[in-house]
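Observations on the three-dimensional arrangement
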Amino acid sequence: MIRVRYAPSPTGSPHVGNIRTALFNYLLAKRYSGTFVVRIEDTDQTRKVPGALEDILDSLRWLGIEWDEGPERGGSHGPYFQSERLEIYRRHVDILLAAKRAYKCFCTPEELTEMREYQRINNLPTGYDRRCRFRSDDEVEALEASGKPYVVRLAMPLEGEIEFQDAIRGRVAFESRLLDDQVLLKSDGWPTYHLANVVDDYLQGITHVIRGDEWINSTPKHVVLYNSFGWNMPIFAHAPIIKGPDGAKLSKRHGDTRCLDYREKGFLSEAVANFIALIGWSPGDERELMTMSEMAEAFSVEGIQPNPGVFDITKLLWMNGHYIRSKSPEDLFDTVVSWHTSTTDEEYRGSEGCAALTAAIQSLPQEYVTEAFRLEQERVKLLSEFAEACRFFFVDEPEMDPQGVAKWFGQPYVGALLEKLEAEVAGRSTISAEDAEKIIDGVVVSLGLEKRAQAIHPTRVALTGKTFGPSLFELMALLGPERILLRLRRAAQFVPAAS
RNA sequence: GCCCCGGUCGUCUAGCGGUUAGGACAUCGCCCUUUCACGGCGAAGGUCGCGGGUUCGAAUCCCGUCCGGGGUACCA
């Protein structure tokens, strides 16, 4: 039975690279019907950020990454907050101390800074020089009795190599003498990540650790820790980082990197999950569009690539469009409306489209709004685009595109066209798409036009103000006679007097 | 500086000793069509970072080198 974990620290809102690590772990658990646990690594109280925990859980929930054990859910291996496990770490530090696999270090931060400075200047490998490691028991006791604060450090092997098998990269080896004696317990009595992570992974029965590449350098310290306790190690897999377009690790500088930003911008969770999984992982065949369960079925650690990938927003956009197109009208309505009412995106909130949609939802029949969404569905790449794309359906006087007017309303027949259409539409209670087509064709004949496109384009501009959009006939069917009449009359004002 | 990881079209990737180096996004063209989009078809785009080996044969194995990234905390 495999057990994996996602162990974020609540120091900020998780970004997409971080959340992808959670996804990989989750997929592995799903693949083998294992257990996915979420553990909060809050051992650095000074870096705790309010709201971060909520954002972590929110990000997971949004993407559909459900955890079997962890915050809000509990489980048999709790507590799932490291801040509630302090006693456990202390107990384990004592074990290490008693076995001489760790020691107390009384060096002050100032001394350490000075030491590193010296090392840097002399081009020596930086690291703790172990000056406290060989103190006698009496000496340590005296120092401790004097009330001098201390940390506990791991006694690393002085020579030889430390190696481990990485499931993605194969054998990774480090020279022991280059590794320093990592702090395990800080002077405030709290553990560092290194200690807490190893103790918890062991106690919580974690079998596979998929984590970011940035951990690969501290893995030998973890290996020594496992050995010092006499524990078996989990399988390590270090996933590559996600880079920004400039090749550097994805960060705030690259704009939106917060996972939840994508939700606010109008991305669908299924698109984001699908897309980020594909940075660094592939099912081994040529599939790209995959649901969560399809990905889980195809997932393997071996399918993770060792080299970092660039986050290509263009491809995400394409994928988002795909998932928008795949929605049923009902689902689409629910999705767009609930996104619209909850998004915090300021640019969207302040847009005219947003205001028009809000009004439409309140005053127009749901069927009307649903149909408007359906007609724009294949053109839209973001949820946030529906409001603007559908605006002409919702407002009485859509903006007239000057270029569209210039291009089509200069035709000598346009005045007559609009009049004839008005005459045809007047008196009807409804118009179907078929009716609309017959009306247009009839007008084409009576005006002696060569192609119906000559009638269609000006009519589109008259009714929507735009030169592009859904099928004119379908759009007329949705608008209905009353709106069409109003718009036809208004459009007449834009026709140059000469015609 | 030192250590570690990585390097296949612009981007995401398949590939794991013998392939015309395949797919996807983006780009361009054609088709469909009332426009835009969707969809379909096609094109262009890769000296597999570079240089040496090993081998009958190397994107695939080895060494070197260059470039990029990551780590070098009483942060995770």
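Our structure is the block above this text.
Below or above, wherever it landed, is the structure these notes cover. From a predicted model like this one, the values you see are computed outputs, not experimental measurements.

1. Thoughts on the overall build of chain A
A tally of regular secondary structure across chain A gives 22 helices and eleven strands. Its C-alpha atoms give chain A a radius of gyration of 32 Å, more than 25% over the compact-globule value 23 Å for 499 residues. Dimensions of chain A, computed from the C-alpha atoms along their principal axes, are close to 110 × 45 × 40 Å. Looking at chain A residue by residue over its 499 residues, the buried ones come to 51%. Approximately 23,300 Å² of chain A is accessible, and the part contributed by carbon and sulfur atoms is 49%. The centroid of the 58 positive side-chain charges in chain A is displaced by 3 Å from the centroid of its 74 negative side-chain charges.

2. As for the pairing of strand 8 (residues 208-212)
Strand 8 sits mainly inside the fold: five of its five residues count as buried. In terms of strand pairing, strand 8 meets strand 9 (residues 235-239) through five bridges, oriented parallel. Bridging across to strand 9, G212 finds its partner in A239.

3. Here's the deal with the sheet that holds strand 7 (residues 183-185)
The three strands lie next to each other as 3-4-7, forming an open sheet whose pairing is antiparallel. Edge positions in the open sheet fall to strand 3 (102-105) and strand 7, since each of these has one partner strand only. Here the average twist between neighbouring strands, direction ignored, is 45 degrees. Looking at chain direction, strand 3 and strand 4 (residues 151-154) are connected through four bridges and run antiparallel.

4. Digging into the protein's contact with RNA strand B
Taken together, 65 residues lie near RNA strand B, and R169, G280, E288, Q305 and R379 sit nearest. Near the protein, meaning within 4 Å, the atoms of RNA strand B are sugar or phosphate in a fraction of 72%, with bases accounting for the rest. Between RNA strand B and the protein, one listed contact pairs a base nitrogen with a side-chain N or O atom of K315 at 3.1 Å. Only helix 4 (109-121), strand 4, strand 6 (170-175), strand 11 (309-310), helix 11 (313-325), helix 21 (453-464) and helix 22 (472-492) provide two or more residues apiece to the surface near RNA strand B. Top element by residues in the surface near RNA strand B is helix 11. It accounts for four residues. Grouping the constituent residues of the surface near RNA strand B by class yields 27 nonpolar, 19 polar and 19 charged.

5. Notes on the packing of helix 6 (residues 193-203) against helix 7 (residues 219-229)
Two numbers describe how helix 6 lies on helix 7: the axes approach to 10 Å, and their chain directions differ by 55 degrees. Looking at the two axes, helix 6 sits oblique to helix 7. The two elements helix 6 and helix 7 cross, and the hand of that crossing is right-handed. Contact with helix 6, carried on its side by Y193, H194, L195, N197, V198, V199, D201 and Y202, involves H222, L225, Y226 and F229 of helix 7 and no other residues of that element. In terms of residue class, the contact of helix 6 with helix 7 is made up of eight nonpolar, three polar and one charged.

6. Focus: helix 2 (residues 52-63)
The α-helix advances 3.6 residues per turn, and as a result positions three or four apart in sequence lie on the same side. For helix 2, spanning twelve residues, the distance from its first C-alpha to its last is 17 Å, which sits close to the expected 16 Å at 1.5 Å a residue. Within helix 2 the residues assigned to the buried category are A52, D55, I56, L57, S59, L60, W62 and L63. Summarising the contacts, the buried residues of helix 2 are in contact with strand 1 (3-6), helix 1 (16-31), strand 2 (35-38), helix 8 (259-265), helix 9 (269-277) and helix 10 (292-298). At the C-terminal side of helix 2, G64 shows a positive phi close to 85 degrees.

Procedures and definitions
- Residues numbered from 1 in each chain as written.
- Chains lettered and ligands numbered in written order.
- Predicted model: local features only at pLDDT ≥ 70, side-chain atom pairs only at ≥ 80, totals over all residues.
- Heavy atoms only, no water.
- Helix = DSSP H or I, 4+ residues; strand = E, 2+ residues; numbered from the N terminus.
- Rg over C-alpha atoms; globule rule 2.2 N^0.38 Å.
- Buried < 20%, exposed > 50% of the residue type's maximum accessible area, 1.4 Å probe, protein only.
- Areas by Shrake-Rupley, 256 points an atom, 1.4 Å probe, with all protein chains shown as cover.
- Lys, Arg positive; Asp, Glu negative; His and termini not counted.
- Charge placed at Lys NZ, Arg CZ, Asp CG, Glu CD.
- Pairing = 2+ DSSP bridges.
- Axes fitted to C-alpha atoms, helices over the stretch in contact; angles between N-to-C directions.
- Near = heavy atom within 4 Å.
- Polar contact = N/O pair within 3.5 Å; in protein donor to acceptor, adjacent residues only side chain to side chain.
- Nonpolar A, V, L, I, M, F, W, Y, C, P; charged D, E, K, R; others polar.
- Parallel < 35°, antiparallel > 145°, perpendicular 65-115°, else oblique.
- Left-handed = near helix turned anticlockwise from the far one by under 90°.
- Contact = heavy atoms within 4.5 Å.
- Expected span 1.5 Å × (residues − 1).

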